[in-house]
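Spelled out from the first residue to the last, the chains are:
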Amino acid sequence: MNGTMRIAPSLLSADFARLGEEVTAVIAAGADLIHFDVMDNHYVPNLTVGPLVCQAIKPYCHRETKVGEKTDVLIDVHLMVKPVDALIPMFAQAGAGIISFHPEASEHIDRTLQLIQSFGIKAGLVLNPATPLHCLDHVMDRLDLILLMSVNPGFGGQSFIESTLPKIEAVRKRIEATGRDIWLEVDGGVKADNAQRVGGAGADTLVAGSAVFTGGRYAQAIDAIRTNALAGRNMQRQE
Ligand code: DX5
Ligand code: ZN
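### Focus: the sheet that holds strand S6 (residues 98-101)
Argument step 1. Within the open sheet, the 8 strands sit side by side as S1-S10-S9-S8-S7-S6-S5-S2. Their pairing is parallel. Each edge of the sheet is formed by a strand with only one pairing partner; in this case those strands are strand S1 (6-9) and strand S2 (33-39). Adjacent strand axes in the sheet meet at a mean angle of 25 degrees, parallel and antiparallel pairs treated alike.
Argument step 2. Examined bridge by bridge, strand S9 (residues 183-187) and strand S10 (residues 205-208) share 2 bridges and lie parallel to one another. Bridge pairing in S10 places Val186 opposite Leu206.
Argument step 3. Along the sheet, helix H4 (residues 109-117) makes contact with S6 and strand S7 (122-127), crossing S7 at roughly 145 degrees.
Argument step 4. The strands that helix H8 (residues 218-238) touches are S1 and S10; relative to S1, the one it contacts most, it runs at about 145 degrees.

Given below as structure tokens:
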């Protein structure tokens, strides 16, 4: 985990009339990834955005280094759609850097993971609060990312479900047993006041929608979440 605590603001809580500016603003405020929630009003009871919008924000997804070079900020596409396979090439071509999907939404999970990786991008599996961890049993060697939902997917601004914490710990152990660099992302209700527990449980990538965009102080919100999450991790290590 080497001291990294990635923060991925979810655009679901951004101002959709000014998405490009919002992306630029959260990157300037310290965002490491741009979390892009795709909902189909079928797998989840809400409808959001598709590849066209992903493509539209792509030119804004970079940061400038101190020596004036541009580096990409990955678009972290979270597919809450069923079925998933047909949309994957479209999002890959629209500039996604990571695509994750829910196991219930694919008839052939291993095939879907391979399809994502065939575009040279990271592939992740998303587990809902009640989805058991055995879904991971036979795909650990293929995964680049595991995303644990800490709310039921579909809406921003919901409350963090506490039973996610032991799940994060259990997945962290599984990741360590592989020796591979699999990112462990947590999504839903993450805020400065629970980030310490989420970081302490073993997450290295935190999605935050309402906590970043509500109030308009993006840098302050991102810093607070990251600082608390890192403090949680450090406390855990000292025990
Ligand atoms: C929920 C989405 C989340 C959501 C998070 O289905 O997957 O990414 O935008 O929003 P907050 O941080 O407000 O719970
Ligand atoms: Zn999400």
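### Quick notes on the site of ligand 1
Argument step 1. Of all residues adjacent to ligand 1, which total 20 residues, the nearest are Gly154, Asp187, Gly189, Gly209 and Ser210.
Argument step 2. In the environment of ligand 1, an oxygen atom lies 2.8 Å from a nitrogen or oxygen atom belonging to the backbone of Gly157.
Argument step 3. Taken by itself ligand 1 offers 390 Å² of open surface, and the protein chains cover 100% of this.
Argument step 4. Broken down by secondary-structure element, the contributors of at least two residues to the shell around ligand 1 are S2, strand S5 (74-80) and S10.
Argument step 5. Considering every element that reaches the shell around ligand 1, the biggest residue donor is S2, with 3 residues.

### A look at helix H5 (residues 164-178)
Spacing of three or four residues puts side chains on the same side of an α-helix, whose turn is 3.6 residues.
Argument step 1. Here H5 is 15 residues long and its end C-alpha atoms lie 21 Å apart, about the 21 Å a rise of 1.5 Å per residue gives.
Argument step 2. When we look at burial in H5, the residues that qualify are Thr164, Leu165, Lys167, Ile168, Val171, Arg172 and Ile175. Projected down its long axis, H5 carries its buried residues within an arc of 150 degrees, all on one side. Exposed and oriented more than 90 degrees from the buried face of H5 are Pro166, Lys173, Glu176 and Ala177.
Argument step 3. At its buried positions, H5 is contacted by S7, strand S8 (145-149), S9 and helix H6 (192-201).
Argument step 4. Phi turns positive one or two residues past the end of H5, at Gly179, with a value near 75 degrees.

### With respect to the environment of Arg217
Argument step 1. Residue placement: Arg217 occurs in the loop between helix H7 (210-213) and H8.
Argument step 2. Overall, the relative accessible area of 56% leaves Arg217 in the exposed class.
Argument step 3. Residues Arg217 and Leu74, 143 residues apart in the sequence, show an inter-C-alpha distance of 22 Å.

Analysis parameters
- Residues numbered from 1 in each chain as written.
- Chains lettered and ligands numbered in written order.
- Predicted model: local features only at pLDDT ≥ 70, side-chain atom pairs only at ≥ 80, totals over all residues.
- Heavy atoms only, no water.
- Pairing = 2+ DSSP bridges.
- Helix = DSSP H or I, 4+ residues; strand = E, 2+ residues; numbered from the N terminus.
- Axes fitted to C-alpha atoms, helices over the stretch in contact; angles between N-to-C directions.
- Contact = heavy atoms within 4.5 Å.
- Near = heavy atom within 4 Å.
- Polar contact = N/O pair within 3.5 Å; in protein donor to acceptor, adjacent residues only side chain to side chain.
- Areas by Shrake-Rupley, 256 points an atom, 1.4 Å probe, with all protein chains shown as cover.
- Expected span 1.5 Å × (residues − 1).
- Buried < 20%, exposed > 50% of the residue type's maximum accessible area, 1.4 Å probe, protein only.
- Arc of directions from axis to C-beta.

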